[in-house]
Amino acid sequence: MKKLKFLVPILALAFLSCDQYLDVNDSPNQLTFDKATPSKLLPGAQVSTYRVQVGSMNQLGNVFMNSWTRNVQSFGNGFDKELQLNLDNGFYASIWDGLFRELKNYQAIIDYPNPNGTYDNYVAAAKICKSFYTQYLVDLYGNIPYSEAWKGNANVTPKYDDDYAIYQSLITQLEEARNLIDNAPANAEDIAPYDVMLEGDMTKWTEFANTVQLRLCLRMSQCTGAKATYRDSKLAAIAGGPFLSGNVSINPGFSGATADNLTPMISNYFYNTDQSNVQNRTFIAMSGHAWKSLQSYSTTNYPTAGSQEIIAGSGVNYPNLTDPRSVRIFTGGIQGGAVGPRRAVNQGSSSVNVAAPTTAIPGPPCRLGALGHINPYDQAGILAGTALGYPADFFGVDGFIMTFSESCFLQAEAAVRYPALFSGGQTLFEEGINDSFLFRNATIGTYIASINSRPNFGWTGTDTQKLHAIMYQKWIALMGINGIESYIDYTRTGFPLTPLSSNATQTRKPYRLVYPVSEYVANSANVPAMSPTDPFAINTLTPFWVPGAPN
Amino acid sequence: MRSKFKWIFTLLLALSMQFSFAQEKTVTGTITDGNLPLSGANVVIKGSTKGVSADLDGKYSIKAKPGDVLVVSFSGYEKKSVTVGSANSYNVTLKESSKVLEDVVITGAMGIKRTKDQVTSAQKQIGARELTQAANPNAIQSLAGKVSGLQVNTTSQGVNAGTRIVLRGNRTITGDNQALIVIDGAISNSTVLGQLPPEIIENLNIVKGAQGAALYGAQGVNGVIIVTTKRGAKKDKFTFGFNSAVDFENVNFVPKVQTQFGQGWASDPGFDDPSIPGVLSTFVPWENGSWGPAFDTPGFPAQVPVGLPQADGNFFFSDWKPIKDNIKQFFQTGTVYQNGFNFNVGGEDSYAFLSVNRQTTDFVVDGDNLVRNSFLFKAGKKFGKFSIDGNINYITQTTSETDSDLFDDLIQTASNVPVSRFKNSGNEGHWTVYAQNPYWITKAVRNDARSNTFNGVLTLGYKLNKNIDLSYTANVQMRNSDAQSHRDAFTNINTTFSIAPYTYYGADAETYEALGGSASTSSFFANQSSTRNIYGDLIINFDYELTKDLGLKFNLGNNIQDRMFRVTTQGGANLDVPGFYHITNVLNPANPSTLDNRFVQSRIVAGFMNADLNYKDYLFLNATARLEQFSAVKNSYFYPSVGVSFIPTKAIESLKNNKVLNYAKINASYTSVGNTSAVGVYQTNELTTIPQGFPFNDLAALGYNRAPTDPNIKPEFVNTFEVGGQLGFFNDRITLEGSYYVANTKDLITRATASSASGNSSILTNVGELENKGFEIDLGFTPIKTNNFKWDIRTNYTTFKTKVVALAAGATSVNLQSNTQVGIFAEVGEEFPLIKGTAFVRDDAGNIIVDANGVPQRTSTFQKLGKGVPDYILGLTNSFEYKGFRLTAVADLRVGASAYSFARNLLLFTGGDLDTAGFDRTQGIVVPGSVTTTGAVNTTPVANDASSVGVLNYFTTTYRAVGEANVIDASALKIRELALSYSLPKKLIEKAGLESFRIGINARNPFIFLADGSLLKANNGLENRGYADPESSNTTGNAQGIINIGQYPSTRTFGFTMNLTF
């Protein structure tokens, strides 16, 4: 037993050095979050939120607005829930999950220690972006978590806030942002190297903030009572602008270097880095409704005159004008190795059924046109003839978060609705169309004169007809670019008139989406109960700005 | 080889000559137990190293001098000594030892050896013979069906099959549930065990009971499999062994498909033969669908074009009729060769053993192969108070595998397609434009890997005095892996080809892309990873006889573990020169932020103690304690256990030497161990992530980590109470063993889904409680045991239920994986893992309710559809021995689990599933057994569409989109092993200098009976008509219950083995 004595210290020693021995838990692979300064967070947040916007949000909007449909010639299924209007808690949950999770990085910028206002410009940009995207969450879901949101581990079950209260707070955020920009101290860091949206131009950030505020106020255009009073006061505050003088675009250095470097518009809908088509290029087809909206009667195989009406019984016929943008937004499908004749598919049809009267149908339908989507203002130099490696030249083009034309149409709507505060409706309307033509690289010709002779599509007729015309032009301008905006316009105003898919199982488009499954799994105590049919009815779940929505 | 063997013989002969003296004579005799010959009994001349073993008939022959004492021994029998006199023949009868069970020494946790009586929780030993009887190259797979409480799943097929080893079900929902693997005293893993040639394994001790594994702390929470490799015999003799096995492998089954309708798409009438306009109707030769015309359509051509035009511009033509199991044509007969030899030399205080094994496998998929070489060298020496034992195991393995997702492409094949004719057609001439040619994939997509595993164990022992000794076990495990994967491009999609004389929508020229086909990008990735694990145990062993009746063995130890892993990956898309696979040839190298480049290190320090007390020879107590700290988790944790066992047949006078009940044991134990396997190294720090899809083009970005870990996370504690017993009747002709246990997991670690509004997608934290209850019974029966014939039956029954008792406040379920149709959940009050998904809306009588258009209604929320674990597992081993023959059969039956099958989902889409046929498609489909919302019998065809298009739309979009429509019964009865071996009689082979010679034929998984309604009825989902092997899974993790299509069908093997020693 004597010999045991020397064993005890050996064992003890083994434990003594333990603390140091076990101190190997600092990650050599990932930085800790306290090292993520606003300059590291801002570019990632800007790109990540835009990816959600141009991806699932854009796609859903374009299918819901009957611009896109499935290429039934080549695909047996796809867009089934969207066309049948089978909404459930898995339906486009990526919008909710994606936006909420990415917005956390803007919140982290806002919450980052900011002594002496060093990060004021970052905070201002973060607040504006947060308002811009949070508005979409409210517009698509009504009441959402807000005051307790983005707190990370500190609160993984945030309570829900009233959608109108959130709107008010979003406007406050914009006000605070403008205030920070206007009063930024001399030592405030220049965000230019890290701002991949507006390149640190704080004047443009102010314009963007004003335009977002205009959009928030116009969403409330159908509101009455105290909400209308509030809306009018906030409209008055920004009536003098300035509003966007150009696009809010994004480009963190897009290129064809890797799939991650591609601008998401290209990687989602057009090309792989080896310039081959992604599947969506073949899968997404021009819908019959988009065809009829953009092509004249004589170029369309209308079976009956009755089907010239956008919606049977609406009394509004398609404009009967071939829009030069049509061939930019959609190009003929590939047939026999070359670009074939133009055809389209009525949503819900199981065969390709819309084309010129002389074109054989079925056959491959039109697909998304590269020149109308990924060559804005001929950035790639394709039409100018300076491009060398088509389509590789598309790889570095900008993405678009809010276009100048959208800003023009918002102001035109404000001029129609609030003539006491805003004016110059027709000019702004035509400026919006003009910019859209430039964006799509289409020659405008006599288009404006022609369309202005058609009520509901151009600047003529009653205010209601002008509102329809604004929504219609905005729809075309944003088609494929930011589809969700037009869909929200539609739920708010019913414009532009949009037919349902023939295999829809509902009688109208939804006012909103169903809360996603992640909420029912992880935040069941707070998330309101919802049935799959709730989005189609006006009830307490309907966003507050929908006409007739309670409270 | 032959000439070298001769040389060895000569050497051996020369060596043995030295021991030959004059005056010796040959003594012979037979050793029996009074009835049966004791084949293998040892006869040793006392005081010498000379000895022989008795042959199969119990006969021995030894050279001895008069006066020599022959010591005759046989395991399980009492030794007997015979003095050689003038006679030349001595028959010996040995008496069966009453302490037979005690003599079996079992290696437990930390290498502590105990007798069976002393073991206080359930353990089961599997010996070399049971392991290798069917020559399975994977020791893990060959455990299936043989051990109660153990579920071995082969989750993926291939040259490098994935396996999942779970003892007694699940105790955690996020952490690891798989058993710990310990090889020769050091913690290892299932990858290494799977690569270890079964030939070099001496035995496996499967420690099911938590108490037996408690000394391993958190790592032992799921039980442990203790592997002991062979060591040199103690015979002072040089032996050489040789083993060889060859197996032929082929596909067991493929999904059954309908044979009523051929290739085509019901809504696509575009393909036409202008000479017989309209006759082909919905037939399309490049369709992946089986939605074409019926094979018995009157007037249809006897032969049709199939696939795209070939390189010569012409179509293949084939008969317009179904070909049975046509996709089986794709698979070849695979082979598995295993060859090995070993040298063995030993003595009283030293030994050395060398084993060299080589396995080459050619899988049933062309080009998939494996070559594995394994070297094991063990040696040991005792020198006075010191002892040293070392072993070095080096395994080198090369594999080449294609993408198993090709099975997805393969099952999209109409039954009229003559699959094998498209072997050289590429994608351009494939039988469908909507899936890639699997033959092309086998060449275009390859994952090649090389790995080298080095494992060295060194044990030093020092005997201080008769009561105290020390030992130190050091283990270094190093593993280098070098993997390359590449995918060739397919871009030839815009070339125009003629389909004349046929037309498609009036045109006779087409392109691949215009028909809806897609290009695929080339890519190349390479990664190198290295693992370096150090394991060290210092143990001080005390052995005291406290009083005459009370003994104490006490072990005190310290354990350190240091684990390092580094992986470096490079690669990207678009190869400049096709077919050259190197990073310099990659045009678009992937951004490093998207690649796996990391270094991970973790350490464990623990102190432990073990105490074994025995009172007389019938009452035993074992207590263990471990204080452990894991570097990735704050604080250290204490894991205690205690167990007792009692042997009534030795304690109670009236039960001693009982003829009926010869053995009885009862044991009980309580264990409290924590599990930290779910906590990732470094993850308790608040870390950043790299934003997904950020270009990193001269600008960097960081983002919030959306899946954080609670910084104060602590182990989930599993408290297990177990009782068990063993009974032996009629001298162990009947044995019965059973255990019952309740394991409660507190502070369950879960990656709980978070509200996305928090900015998190999930958080890993301590929430909830799990209960795992179950029992297992092993029944052994030897109905016949005569001189020449022995029949053994071993059955085992396993059942357990893992129930979620509680989750975090407000949460009722945790989602482990899900898609829009189905998910795997842990849900309060339900068994885990639970399969939930969308279901048909039904009335109270279970009828599907349809709307006014005959369309079935689907629930908007997920319903309970089944569970991913079986209700019970029944294993059966039957063995017959007749003289040198041995026939064994191993089977197991698993009942009660369900699985979501993506194969069924796809077959419903392509119209290949049996459910899409069996009726006249042109009349539409009325949902079978459906009622209207008013409860009336429904007669409306789906979507009011009484046409083939209506049927097509129903199955492709409505029906298969419902989770319930794809959940199949995962029950199965498998004949796992059939083996017949014959050991040649010794007298026949000894002239050739051989000590033993055994040949055998065997089959693995020769028969599998699925729940397809024939033998097994489908009660837990739809019939499994060959959709998938129910063991397969899209994960080796806990979320069992979803079977993706990227799983090859299971295979069966038939083969031969040969083993010889001399």
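Residues numbered from 1 in each chain as written. Chains lettered and ligands numbered in written order. Predicted model: local features only at pLDDT ≥ 70, side-chain atom pairs only at ≥ 80, totals over all residues. Heavy atoms only, no water.

Colleague: Sorry if this is basic, but what is going on with the overall build of chain A here?
Modeller: Scanning chain A from N- to C-terminus turns up 20 helices and twelve strands. For 551 residues, the compact-globule estimate of 2.2 N^0.38 gives 24 Å, and the C-alpha radius of gyration of chain A, at 26 Å, lies within 12% of that figure. With respect to the principal axes defined by its C-alpha atoms, chain A has extents near 110 × 60 × 55 Å. Per-residue burial over chain A gives 64% buried out of 551 residues. Surface summary for chain A: the accessible area is close to 18,000 Å², and the carbon and sulfur share equals 53%. Distance between charge centroids for chain A: 6 Å, based on 37 positive and 43 negative side chains. (Helix = DSSP H or I, 4+ residues; strand = E, 2+ residues; numbered from the N terminus. Rg over C-alpha atoms; globule rule 2.2 N^0.38 Å. Buried < 20%, exposed > 50% of the residue type's maximum accessible area, 1.4 Å probe, protein only. Areas by Shrake-Rupley, 256 points an atom, 1.4 Å probe, with all protein chains shown as cover. Lys, Arg positive; Asp, Glu negative; His and termini not counted. Charge placed at Lys NZ, Arg CZ, Asp CG, Glu CD.)

Colleague: In this structure, what is going on with the overall build of chain B? I would like to understand it.
Modeller: Looking only at helices and strands, chain B has eleven helices and 58 strands in total. Each principal axis of the C-alpha atoms in chain B carries an extent, and together these give about 105 × 65 × 65 Å. Counting the 1062 residues in chain B, one finds 56% classified as buried. The contacts in chain B between residues at least 6 apart in sequence include a share of 70% that link residues at least 24 apart. Element-wise, carbon and sulfur atoms account for 56% of the exposed surface of chain B, whose accessible area totals about 41,100 Å². Charge-centre separation for chain B: the mean point of 93 positive side chains lies 12 Å from the mean point of 91 negative side chains. (Contact = heavy atoms within 4.5 Å.)

Colleague: Sorry if this is basic, but what is going on with the interface of chain B and chain A here?
Modeller: In many analyses, interface size is given as the accessible surface area lost on bringing the parts together. Counting from both sides, the interface comprises 96 residues of chain B and, opposite them, 91 residues of chain A. Summed over both partners, the interface of chain B with chain A buries about 7,500 Å², with 57% contributed by carbon and sulfur atoms. The partner of A:R367 in a salt bridge is B:E513, and the shortest N-O contact between them spans 4.0 Å. Taken together, the links from chain B to chain A amount to 27 residue pairs in polar contact (both at pLDDT 80 or more). For the side of chain B that touches chain A, the element with the highest residue contribution is strand 33 (residues 598-615) of chain B, accounting for ten residues. (Buried area = accessible area lost by both parts, 1.4 Å probe. Salt bridge = Lys/Arg side-chain N within 4 Å of Asp/Glu carboxyl O. Polar contact = N/O pair within 3.5 Å; in protein donor to acceptor, adjacent residues only side chain to side chain.)

Colleague: What is the right way to read the sheet that holds strand 6 (residues 80-83) of chain B from this model?
Modeller: Each strand in a sheet pairs with its neighbour through backbone hydrogen bonds, running either in the same direction (parallel) or in the opposite one (antiparallel). All names here are of chain B. Pairing is antiparallel in the open sheet, where four strands are placed in the order 3-2-5-6. Each having just a single partner strand, strand 3 (51-53) and strand 6 make up the two edges of the open sheet. Ignoring strand direction, the axes of neighbouring strands in this sheet form an average angle of 20 degrees. Taken together, the three bridges between strand 2 (residues 42-45) and strand 3 define a ladder with antiparallel strand orientation. (Pairing = 2+ DSSP bridges. Axes fitted to C-alpha atoms, helices over the stretch in contact; angles between N-to-C directions.)

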